[in-house]
Amino acid sequence: MAQTRTRKIVKYTLIGLAVALLAIQFFHPAKNVNTVASPQDIAALYSVPDSIHLVLDKACMDCHSNNTRYPWYNNIQPVAWWLNDHISEGKRELNFSEFGTRPPEKQARKLKKLAKEVQEGGMPLSSYTWIHKDAILTEREKSMLINWANSLSEQISSQTKSN
Ligand code: HEC
């Protein structure tokens with residue numbers, strides 16, 4: 001008796017979950033894709049050497065710019081929500097496409113933070129490098145990024161002081 005009841009509960013719970021999983025496939029967050037170049041892009045305002053741009057592109061831009069290259073599994077829910085969370089949170093903290101909209105002091109501080117995150121291995125997120133193996137930064141790429149971010153940060157700070 002008790003066993004059939006448990007079985008029924010398990011059965012209907014599974015059916016309920018399957019229905020919910022199917023239903024959420026119809027809801028997708030808007031994609032983070034923009035075709036218009038932003039005049040506030042970091043590369044439009046400051047010097048970003050190609051070697052740096054390459055590293056940022058492969059390891060950071062998916063979550064820190066207005067353009068994400070979506071993987072196929074973004075078509076599956078709730079994965080799309082999870083990715084979308086990372087992207088909106090990442091963009092809120094640092095958006096290279098709209099870098100110039102922040103006050104210079106803030107830009108300088110973010111670049112210092114960037115150097116620190118890369119130094120400590122906090123960025124890119126490990127959930128990202130788990131799949132995007134090419135985003136695992138080599139020691140050389142790390143030091144390139146760190147040097148660039150620190151010197152740009154100092155350049156911006158000294159410009160604001162002289163104004
Ligand atoms: C998978 C998405 C993702 C990728 C890829 C990624 N980030 Fe982030 N980043 C985030 C999220 C989410 C946050 C905000 C939460 C946090 O700080 O952990 C963030 C925060 C930051 C911050 C702000 C930290 C602070 O406290 O102000 C910096 C700087 C940063 N990331 C730099 C980078 C750099 C540089 C790369 C590439 C080497 C990178 N991120 C790659 C998602 C990402």
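Residues numbered from 1 in each chain as written. Predicted model: local features only at pLDDT ≥ 70, side-chain atom pairs only at ≥ 80, totals over all residues. Heavy atoms only, no water.

J.: Can you walk me through the coordination of the iron atom of the ligand in this structure?
T.: Ideal values differ by geometry: the angle at a metal is 109.5 degrees with four tetrahedral donors, but 90 or 180 degrees with six octahedral donors. Protein ligation of the iron atom of the ligand involves His-64 (NE2) and Met-123 (SD), the donor distances falling in the range 2.0 to 2.3 Å. Seen from the iron atom of the ligand, its six donor atoms lie at angles of 86 to 178°, and the figure they make is octahedral. In this pair, His-64 is assigned in helix α4 (residues 61–64) and Met-123 in the loop between α6 (104–120) and α7 (126–129), connecting sequence segments 59 residues apart. (Donors = N, O, S within 2.8 Å, 3.2 Å for Na, K, Ca; no water. Tetrahedral: all angles 85-135°; square planar, octahedral: opposite > 155°, others 65-115°. Helix = DSSP H or I, 4+ residues; strand = E, 2+ residues; numbered from the N terminus.)

J.: Would you take a moment to explain a nonpolar patch on the surface for this structure?
T.: A grouping of Val-10, Leu-14 and Leu-17 is seen on the molecular surface, where their side chains present a nonpolar patch of about 300 Å² in accessible area. Here Leu-14 lies in helix α1 (residues 2–24). Taking relative accessible area as the criterion, Leu-14 reaches 53% and is therefore assigned exposed. (Patch = residues over 30% accessible without salt bridge, like charges linked within 9 Å, V, L, I, M, F, W, Y side chains within 5 Å. Areas by Shrake-Rupley, 256 points an atom, 1.4 Å probe, with all protein chains shown as cover. Salt bridge = Lys/Arg side-chain N within 4 Å of Asp/Glu carboxyl O. Buried < 20%, exposed > 50% of the residue type's maximum accessible area, 1.4 Å probe, protein only.)

J.: Is there a simple way to explain the pattern of salt bridges in this structure?
T.: Once the charged atoms of two side chains with opposite charge are near each other, the side chains can pair. According to the stated counting rule, one finds five salt bridges in the structure shown. Lys-110 is paired through a salt bridge with Glu-93; the nearest N and O atoms lie 2.8 Å apart. Of this pair, Lys-110 sits in helix α6 while Glu-93 is found in helix α5 (residues 79–93), placing the two residues 17 residues apart along the sequence. Residue class for Glu-93 comes out partly exposed when judged on its relative accessible area of 47%. Note that Lys-142 and Glu-139 form a salt bridge whose closest N and O atoms lie 3.7 Å from each other. With a gap of three residues between them, Lys-142 and Glu-139 both fall in helix α8 (residues 139–162), about one helical turn apart. By relative accessible area, Glu-139 is classed as exposed at 62%.

J.: Mind showing me how you'd approach the environment of Ile-131 here?
T.: With respect to the secondary-structure elements, Ile-131 resides in the loop between α7 and α8. With 60 residues separating them along the chain, Ile-131 and Pro-71 place their C-alpha atoms 9.9 Å apart.

J.: What is the right way to read the site of the ligand from this model?
T.: Of all residues adjacent to the ligand, which total 19 residues, the nearest are Cys-60, Cys-63, His-64, Lys-110 and Met-123. His-64 places a polar side-chain atom, nitrogen or oxygen, 2.8 Å from a nitrogen atom of the ligand. A distance of 2.6 Å is found between an oxygen atom of the ligand and a side-chain nitrogen or oxygen belonging to Lys-110. Elements that contribute at least two residues to the shell around the ligand include exactly α4, α5 and α6. The residue makeup of the shell around the ligand, split by class, is 11 nonpolar, three polar and five charged. (Near = heavy atom within 4 Å. Polar contact = N/O pair within 3.5 Å; in protein donor to acceptor, adjacent residues only side chain to side chain. Nonpolar A, V, L, I, M, F, W, Y, C, P; charged D, E, K, R; others polar.)

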